[in-house]
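Report on the structure
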Amino acid sequence: FGLFVLFGGTSIVVMSYQLSPIQKVTQQTKLLAKGEWKQRLNIKEMGAFSDLATSLNEIARQVEQKTLGLQSELTTSKSKLTSTESALQKEKGIFERVFTHSSIGMALVSKEGAFLKVNTALTKMLGYTPEELQSKTFQDITHADDLDQDLAYVQEMLEGKRQTYSMKKRYIRK
């Protein structure tokens, strides 16, 4: 609907625009699809499209309920994650203290055998500095007569055939 008015040679256009029922349904459907639903459709204004508007309103209600449920689940999950992270940090601290202060030589080793982290007891036992050990692999410091069995055990662990292994072996000290 448009109104055109002339005032002394100056034209002024006054526009009034009202969405048709199908345009309202289309607009609200697009908003719903983007998660931007603003308001319910007034069923009385929808005329022949009232059934469609009712269905769309019901879908929007269900989306709102699901969204609230998901927000609640997200809040619960965040809380659990925070709690789990806190517990993990506590366990990590315990592991660090045990690893660092143990009187038993220990190392964290990559799949390839590189020393990633070594404790003081291991450096004292082998006579290497931590930096020297971290530039080597366990293969470099394992006695040749023990290396094949050690590598076989490591391979079995990598293949999932073993969880752990224990063996007596000789090391090459510095």
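Report follows, based on the coordinates. Since the model is a prediction, treat every value here as computed from it, not as a measurement.

1. Regarding the overall build of the protein chain
A count of helices and strands for the protein chain gives 6 helices and 4 strands. Each helix and strand of the protein chain, ordered N terminal to C terminal, gives the series β-β-α-α-β-β-α-α-α-α. In the protein chain, which comprises 174 residues, the proportion classed as buried is 20%. Pairs at least 24 apart in sequence give 29% of the contacts found in the protein chain among residues at least 6 apart. Surface summary for the protein chain: the accessible area is close to 13,000 Å², and the carbon and sulfur share equals 56%.

2. Details of the packing of aromatic side chains
In this structure the tally under the stated criterion is 2 aromatic pairs. An angle of 35° between the planes, with centres 5.0 Å apart, marks the rings of Y153 and Y165 as tilted. Of the two residues, Y153 is situated in helix α6 (residues 144-158) and Y165 in the segment after α6; the sequence distance between them amounts to 12 residues. Relative accessible area serves as the criterion here: at 27%, Y165 is assigned to the partly exposed category.

3. Details of the pairing of strand β4 (residues 115-118)
With 3 bridges joining them, strand β3 (residues 107-109) and β4 adopt antiparallel strand pairing. Paired with L108 across the strands is K117, a residue of β4. Connecting β3 to the antiparallel partner β4 that follows it, the hairpin turn spans 5 residues, and G113 within it adopts a positive phi of roughly 100°.

4. What to know about the pattern of salt bridges
Scanning the model with the defined rule gives 7 salt bridges in all. Notably, a salt bridge pairs K117 with E96, separated by 2.8 Å at the nearest N-O pair. Within this pair, whereas K117 is found in strand β4, its partner E96 is found in helix α2 (residues 50-101), the two being separated by 21 residues in sequence. The class of K117 is partly exposed, set by a relative accessible area of 27%. A relative accessible area of 27% means that E96 is categorised as partly exposed.

5. Here we look at the side chain of D150
You can see D150 is positioned in helix α6. Leaving out residues up to four positions away in the same chain, D150 has contacts with F138, T142, Y165, M167 and K169.

6. Considering a nonpolar patch on the surface
Nonpolar side chains collect at one region of the surface, where F95, L108 and L116 lie side by side and expose about 270 Å² of accessible area between them. Inspection of the secondary structure assignment puts L116 in strand β4. The class for L116 is exposed, based on a relative accessible area of 53%.

7. Looking at the environment of S102
Checked against the element boundaries, S102 lands in the loop between α2 and β3. On a C-alpha basis, the gap between S102 and A121 in space is 7.0 Å, while along the polypeptide they are 19 residues apart. Contact partners of S102, with chain neighbours within four places excluded, come to N119 and A121. Engagement of the side chain of S102 in a polar contact is seen with the backbone nitrogen of I104, the distance being 3.0 Å.

Conventions adopted
- Residues numbered from 1 in each chain as written.
- Predicted model: local features only at pLDDT ≥ 70, side-chain atom pairs only at ≥ 80, totals over all residues.
- Heavy atoms only, no water.
- Helix = DSSP H or I, 4+ residues; strand = E, 2+ residues; numbered from the N terminus.
- Buried < 20%, exposed > 50% of the residue type's maximum accessible area, 1.4 Å probe, protein only.
- Contact = heavy atoms within 4.5 Å.
- Areas by Shrake-Rupley, 256 points an atom, 1.4 Å probe, with all protein chains shown as cover.
- Phe/Tyr/Trp six-rings, centres within 6.5 Å; stacked < 30°, edge-to-face > 60°.
- Pairing = 2+ DSSP bridges.
- Salt bridge = Lys/Arg side-chain N within 4 Å of Asp/Glu carboxyl O.
- Patch = residues over 30% accessible without salt bridge, like charges linked within 9 Å, V, L, I, M, F, W, Y side chains within 5 Å.
- Polar contact = N/O pair within 3.5 Å; in protein donor to acceptor, adjacent residues only side chain to side chain.

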